[in-house]
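Read off the chains here:
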Amino acid sequence: MRIIRGKYGRRRFDVPSNIKARPTTDFARENLFNVLENRLDFEELTSLDLFAGTGAISFELLSRGCPRVVCVEKHPTQYSFISKVQRMLNDDNLQIIKGDVFKFVASCGESFDFIFADPPYDLPQLESIPSRVLDENCLLKPGGLFILEHSRNNDFSSHQWFEEHRVYGSVNFSFFVRPTED
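In this text the structure is predicted, and so the values were computed from the model without any measurement. Every residue gets a number counted from 1 within its own chain, in the order that chain's sequence is written. Side-chain atom pairs in this predicted model are given and counted only at pLDDT of 80 or more, local residue features only at pLDDT of at least 70, and totals for whole chains, interfaces and linings cover all residues. By convention in this description, side-chain values take in all heavy atoms of the structure and omit both hydrogens and water.

Asks: Is there a simple way to think about helix α2 (residues 56–63) in this case?
Replies: Think of an α-helix as 3.6 residues a turn; residues three or four steps apart then line up on the same face. Burial analysis of α2 places 8 of its 8 residues in the buried class, the great majority of the element. Those residues of α2 that fall on the buried side of the exposure criterion are A56, I57, S58, F59, E60, L61, L62 and S63. Among the structural elements, α1 (26–37), β1 (46–50), β2 (68–73), α3 (76–89), β3 (94–98) and β4 (112–117) are those in contact with the buried residues of α2. Each residue is placed in one exposure class: buried if its accessible area under a 1.4 Å probe, protein chains only, is under 20% of its type's maximum, exposed if it is over 50%, and partly exposed if it falls in between. Segments assigned H or I by DSSP are reported as helices when at least four residues long, segments assigned E as strands when at least two residues long, and all are numbered from the N terminus. Residue contacts are counted whenever heavy atoms from the two residues lie within 4.5 Å of one another.

See below:
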């Protein structure tokens, strides 16, 4: 795994061979963060990384100055890898939660400016993720951005807060924006 840019830019970490995650490709992650750099002020964000996998998205956010990143990962191998990289970077701005994403979303009492989710593409509940993230517990702050990574077989354009769809190679991202309150 490689951190692309920021204070940890160009650092590489060997991902264990037994990891069960399908990490976002460097190509897709780099293009996504190029878009985000023009939309977000990372130094002002509270961020949530769901289905964190290797933690690549969380570490990109930290590297670019995000003061608070919460990541949720239930698989022990991935959780251990994220914890190991956090210790190597000595960055206390990351809170790692070992647990089920759906339980976390249902019980979380915090709101975030930016949420990213990269579930397994074959996850049976994948289609319900936008509703769960955007409709439960005000997880996303007004004006906040939620990005869901998914396969080309999913279409979320009918969701009321859907904004756009981007494709980088075989990786698809759907963007959702919570309206600001009047």
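Asks: Just checking my understanding: could you explain the environment of K7 for this structure?
Replies: Along the chain, the position of K7 falls in the segment before α1. When its relative accessible area of 54% is taken as the criterion, K7 is described as exposed. The contacts of K7, once residues within four sequence positions are left out, are L62, S63 and D91.

Asks: Is there a simple way to explain the nonpolar core in this structure?
Replies: As used here, the term nonpolar core means buried Ala, Val, Leu, Ile, Met, Phe, Trp, Tyr and Cys residues forming a set that is joined through side-chain atoms within 4.5 Å. Membership of the largest hydrophobic core comes to 36 residues, with the highest contact counts inside it found for L36, F59, L61, L94, F114, I147 and F173. Those elements giving two or more residues to this core turn out to be α1, α2, β2, α3, β3, β4, β5 (140–150) and β7 (171–177). What L36 contacts, discounting residues up to four positions off in sequence, is F42, F114, L145 and I147.

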